[in-house]
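# Remarks on the overall topology
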Amino acid sequence: AERVFELLFLRPDDFNGQDIANIIWSCSELQARGATVSPLLDILPVLSEVAMKRADVMNKQEVANVMWSCAMLQKGDIPVPALLKVVPLVSAVAVKLADTMTAQSIANVLWA
């Protein structure tokens, strides 16, 4: 996790939508499985800044995964307020992509 943290600071543009979605999803899974302290959870405030810069290039699956993962993290024991800044930007992308989304992706976005 320390290396990911370092890369987020040094080369944030190297992270694409899938990278961002995967990391946020992993954090939500860690929290759902009871992880209360994890270096990976510590990178979420920095990752939220990267996600806000990259939201406009995310595809429909990445948007759905980010929305779902942000919602899961907020409903967990350790909410991450920084991620709340990501949601409006990703929501705007979801609206643009809605016509191309699968039913599952739409359900994930609506649930989030």
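What you see is a predicted model, and the numbers here were worked out from it, not measured in a lab. (Residues numbered from 1 in each chain as written. Predicted model: local features only at pLDDT ≥ 70, side-chain atom pairs only at ≥ 80, totals over all residues. Heavy atoms only, no water.)

## Some details on the packing of helix α5 (residues 60–75) against helix α7 (residues 103–111)
- As a packed pair, α5 and α7 sit with axes 8 Å apart at the nearest point and diverge in direction by 35 degrees. Taken as a pair, α5 and α7 cross one another with a handedness that is left-handed. Seen from α5, the contacting residues are Lys60, Gln61, Ala64, Met67, Trp68, Ala71, Met72 and Lys75; seen from α7, they are Ser105, Asn108, Val109 and Trp111. (Axes fitted to C-alpha atoms, helices over the stretch in contact; angles between N-to-C directions. Helix = DSSP H or I, 4+ residues; strand = E, 2+ residues; numbered from the N terminus. Left-handed = near helix turned anticlockwise from the far one by under 90°. Contact = heavy atoms within 4.5 Å.)

## Digging into the packing of aromatic side chains
- All chains considered together, the criterion is met by one aromatic pair.
- When the ring of Trp68 is compared with that of Trp111, the centres are 6.4 Å apart and the planes differ by 35 degrees; the resulting orientation is tilted. On the criterion of sequence distance, the pair formed by Trp68 in helix α5 and Trp111 in helix α7 is long-range, its members being 43 residues apart.
- Here Trp68 falls in the partly exposed class, since its relative accessible area comes to 21%.
- Take Trp111: its relative accessible area is 43%, and that puts it in the partly exposed class. (Phe/Tyr/Trp six-rings, centres within 6.5 Å; stacked < 30°, edge-to-face > 60°. Buried < 20%, exposed > 50% of the residue type's maximum accessible area, 1.4 Å probe, protein only.)

## Digging into the environment of Ala64
- Tracing the sequence through the fold places Ala64 in helix α5.
- For the pair Ala64 and Ile78, spaced 14 residues apart in the sequence, the C-alpha separation amounts to 21 Å.
- Apart from residues lying up to four places away in sequence, Ala64 is in contact with Ser105, Asn108 and Val109.

## Structural notes on helix α6 (residues 86–97)
- Taking 1.5 Å per residue, twelve residues should reach 16 Å; α6 reaches 17 Å between its end C-alpha atoms and fits that length.
- Those residues of α6 not exposed but buried are Val86, Val90, Val93 and Ala94. Angular distribution of buried residues about the axis of α6 spans 105 degrees; they occupy a single face of the element. Of the residues in α6, the exposed ones pointing more than 90 degrees away from the buried face are Pro88, Val95 and Lys96.
- Buried residues in α6 make contact with α4 (44–54), α5 and α7. (Expected span 1.5 Å × (residues − 1). Arc of directions from axis to C-beta.)

By themselves these figures say nothing about function.
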